[in-house]
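# Notes for the structure review
Below are the chains, spelled out letter by letter.
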Amino acid sequence: MTIPFIEPFRIKVVEKVRMTTREERVAALRAAHYNLFAVRGEDVFIDLLTDSGTGAMSDEQWAGMMHGDESYAGAKSYYHFEQAIQNILGFPYVLPTHQGRAAEGMLFKSLVKAGQTVPNNRHFDTTMGNLQVLGANPVDIPVAESADSEVELPFKGNMDLEGLEALIKKTGVENIPLGMLTITNNSAAGQPVSMDNIRATAEIYHRYGIPFFIDACRFGENAWFIKLRDPKYKNTPVREIVREMFSYADGCTMSAKKDGMVNIGGFIAFRDPELKGQIGANLIVHEGFLTYGGLAGRDLEALAIGLNEVVDEDYLNYRESHTRYLGEVLSAAGMPVYKPTGGHAVYVDAGKAFPGIPKRQFPAVGLANALYITGGIRTVEIGSLMFEHADPETGELMLAPLELVRFAIPRRVYTRSHLDYIGEAAAECMKRPELVKGLRVTWAPKVLRHFMAQLEEIE
Ligand SMILES: *Cc1c(COP(=O)(O)O)cnc(C)c1O
């Protein structure tokens, strides 16, 4: 079962974590109304809530922080960042934002009107939320295989191309201000999108005159999967794969907290110089001046370095093997793992593992909570608590296609023994299904309810 992989770095700074007692965790979860988002970080032993902004920066990045230029306008660090975007992604223009959702918000406020539709292979929750608050309709068009956690296919993150074209015809191009594609497909188990699918998606959008934006959060991981899984790209350097992926798009939004290898940051990059003017005023009002967008100069410096580190093939090889190893550990513990393993996370099909708990009782929340009580491990539900919504046409309540628990892996943070420990806690939960309880929502806001929902266990 063991896959040989070695961290291509050594550890220079360490951070102490504390193992809590079971009683402490039971109390912490009850105080959090059974929502792991409300548990304090210091009450978590291994935190796999998200890979967003939780990574470890390199010595080069920390050194870069000291070189950060804090000039309000035209800081040296901004130009380093702009150069990294131009060299690595290939977009001539970029506007920094404090994180990915701000990039989405800025772009959508400039382009999208109420009642309009935005297609995507699968919207991330904040992307969906940003459109919903504008009164627009986010529509997901994943390939059918993406809802099958068993079938081993190389690119289950792909867009359903026929579905996309059908949607465009039905909705009318005048009602689609832009089209998106998320690489890798975070909400669909972190599955990659193939180069052929990126190209074909772009071709469809452009044939109808629809601007095409990539949600680029994990572009490095997506490029690595293209190299691993598409024989045509076996010998192509990752940097070239990245350039080709973005060459098909008019722009991208990105949370730099993922493959930017930093703890905070985001941006919108694009080709149309007009867009700078359209987005610029909004950016200045909400984020900051055009050359810092809500970030400190030192953050931009670290990001410029991080964008270069994420396309390092030794790093990407380690990253993919490390994540795949956790998938094997969880499979060995008896958990139905979504196959194949994605880039940044392992997803476990809790609906399948605990068929006795109805979807409406959120089996994936039940499993995530049991993992916390058992081992102090924090994961997150990617299921109906996160994605339940009313169908815009029928008003019918739609549940998520799968009830998943996501084990997201912070970049360059945990070692293999951490992963083995997670496997032991997982095995305990599978052996004692009575630990996993159904839940009901006692309070929740209308949009993005999973972050704030309060729940209670159903006995
Ligand atoms: C994280 C993420 C976002 C939002 O970025 P934040 O930095 O968290 O605001 C958008 N899309 C995808 C696919 C993401 O994973």
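Heads up: the structure comes first, above all this text.
Cut-offs and rules
Once a new chain begins, its residue numbering starts again from 1 and follows that chain's sequence as written. With pLDDT at 70 or above as the cut-off, local features in this predicted model cover only qualifying residues; side-chain atom pairs require 80 or more to be listed or tallied, and sums for whole chains, interfaces and linings still use all residues. Computation of side-chain values covers all heavy atoms of the structure but excludes hydrogens and water. Note on conventions: DSSP H or I runs of at least 4 residues are helices, E runs of at least 2 residues are strands, and numbering of each starts at the N terminus. C-alpha atoms define the radius of gyration, and 2.2 Å times the number of residues to the power 0.38 defines the globule rule. In this description, contact between two residues means that some pair of their heavy atoms is separated by no more than 4.5 Å. A pair of strands is labelled paired if DSSP reports no fewer than 2 bridges between them. For helices, the fitted line uses only the C-alpha atoms of the stretch in contact; every axis is such a line through C-alpha atoms, and the angle between N-to-C directions lies from 0 to 180 degrees. Residues belong to one nonpolar core when they are buried, are Ala, Val, Leu, Ile, Met, Phe, Trp, Tyr or Cys, and are joined through side-chain atoms within 4.5 Å. Only protein chains enter the accessibility calculation, which uses a 1.4 Å probe. A residue is then buried if its area is under 20% of the maximum for its type, exposed if over 50%, and partly exposed in between. How far each domain reaches was decided by an automatic or database domain assignment.

## Focus on the overall build of the protein chain
- Secondary structure summary: the protein chain contains 17 helices and 16 strands in total.
- Whereas a compact globule of 459 residues would reach a radius of gyration of roughly 23 Å, the protein chain reaches 21 Å, a difference of no more than 12%.
- Projected onto the principal axes, the alpha-carbon positions of the protein chain cover approximately 60 × 55 × 45 Å.
- In the protein chain, 74% of the contacts between residues at least 6 apart in sequence involve partners at least 24 apart.

## Re the sheet that holds strand β8 (residues 266–270)
- Taking strand neighbours across the sheet as the criterion, the five strands line up as β2-β8-β7-β6-β5 in an open arrangement whose pairing is mixed. Two strands close off the open sheet at either side, each with one partner strand: β2 (93–97) and β5 (179–182). Mean inter-strand twist for the sheet, computed between neighbouring axes without regard to direction, equals 20°.
- Both strand β7 (residues 251–255) and β8 contribute to a ladder of five bridges, which runs antiparallel. Directly across from M254, in β8, lies its bridge partner F267.

## Some thoughts on the environment of M261
- Inspection of the secondary structure puts M261 in the loop between β7 and β8.
- Remark: the alpha-carbon pair of M261 and Q61, spanning 200 residues in sequence, is separated by 9.1 Å.
- In this structure, M261 is in contact with M57, Q61, A256, G306, V310, Y315, R411 and R412, ignoring residues within four places of it in sequence.

## Here we look at the nonpolar core
- Formed by 109 residues in total, the largest nonpolar core has its most connected members in F219, M245, F246, F267, L330, L367 and F407.
- Of all the elements, helix α14 (residues 363–375) adds the most residues to this core, at eight residues.
- The residue makeup of this core includes at least three contributed by each of domain 1 (22–51 + 312–457) and domain 2 (59–309).
- In contact with M245, not counting residues within four places along its chain, are I183, M195, I198, I214, F219, N222, A223 and I226.
- In terms of nonpolar packing, the next biggest core, distinct from the first, is built from 17 residues, L107, F108, F213 and I279 among them.

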